Amino acid sequence: MPDLETALRRIRSYSLPREHLRLQEFGQSSFIGKVLIVEREALPERATVVLVREPIGF
């Protein structure tokens, strides 16, 4: 996504509704529990971010 606001909006308006529909098949519902936002890391070797350049879900 081009910016944080757009990314968070996509989670709420695109991914969450699809995940909710998927879980309804099992009698459950979905919610947003955790969102990870990394702004910077003081020690670069402490964190690894893996970017996957292919669709793997919503």
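In what follows, the structure referred to is the one given above.
A short tour of the structure in this document, coming up. Not measured: the values here are computed from a predicted model. (Residues numbered from 1 in each chain as written. Predicted model: local features only at pLDDT ≥ 70, side-chain atom pairs only at ≥ 80, totals over all residues. Heavy atoms only, no water.)

Re the layout of surface pockets
- Each pocket or cavity is described by its volume, and for the second largest pocket that value is around 350 Å³.
- For the lining of the second largest pocket, the residue count by class is 8 nonpolar, 1 polar and 2 charged. (1 Å grid on protein atoms, 1.4 Å probe; cavity = no way out; pocket = protein on both sides within 12 Å on 5 of 7 lines; lining within 4 Å. Points joined across faces, edges and corners; volume = space filled by probe spheres on them. Nonpolar A, V, L, I, M, F, W, Y, C, P; charged D, E, K, R; others polar.)

Observations concerning the environment of Met 1
- Here Met 1 lies in the segment before helix H1 (4–24).
- Residue class for Met 1 comes out exposed when judged on its relative accessible area of 59%.
- For the pair Met 1 and Lys 34, spaced 33 residues apart in the sequence, the C-alpha separation amounts to 18 Å.
- With sequence-adjacent residues up to four places away left out, Met 1 is seen in contact with Thr 6, Ala 7 and Arg 10. (Helix = DSSP H or I, 4+ residues; strand = E, 2+ residues; numbered from the N terminus. Buried < 20%, exposed > 50% of the residue type's maximum accessible area, 1.4 Å probe, protein only. Contact = heavy atoms within 4.5 Å.)

Describing the packing of aromatic side chains
- The full count for this structure, using the stated rule, is 0 aromatic pairs.
- Here the guanidinium or amino end of Arg 10 rests over the ring plane of Tyr 14, the centre of that ring lying 4.2 Å away. (Phe/Tyr/Trp six-rings, centres within 6.5 Å; stacked < 30°, edge-to-face > 60°. Lys NZ or Arg CZ within 6 Å of the ring centre and 35° of its normal.)

Thoughts on the environment of Pro 55
- On the secondary structure map, Pro 55 appears in the segment after H1.
- The exposed category is assigned to Pro 55, whose relative accessible area is 79%.
- For the pair Pro 55 and His 20, spaced 35 residues apart in the sequence, the C-alpha separation amounts to 19 Å.

Here we look at the pattern of salt bridges
- Tallied over the full model, the rule gives 2 salt bridges.
- With its nearest N and O atoms 3.4 Å apart, the salt bridge here joins Glu 5 to Arg 9. Of this pair, Glu 5 and Arg 9 both sit in helix H1, 4 residues apart, which is roughly one turn of the helix.
- The exposure class of Glu 5 is exposed, given its relative accessible area of 58%.
- Given a relative accessible area of 44%, Arg 9 falls into the partly exposed group.
- Of the charged contacts in the structure, one is a salt bridge between Glu 19 and Arg 22, with a shortest N-O distance of 2.8 Å. Of this pair, Glu 19 and Arg 22 both sit in helix H1, separated by 3 residues, roughly a single helical turn.
- The exposure class assigned to Glu 19 is partly exposed, which follows from its relative accessible area of 21%.
- According to the relative accessible area criterion, Arg 22 is partly exposed, its value standing at 38%. (Salt bridge = Lys/Arg side-chain N within 4 Å of Asp/Glu carboxyl O.)

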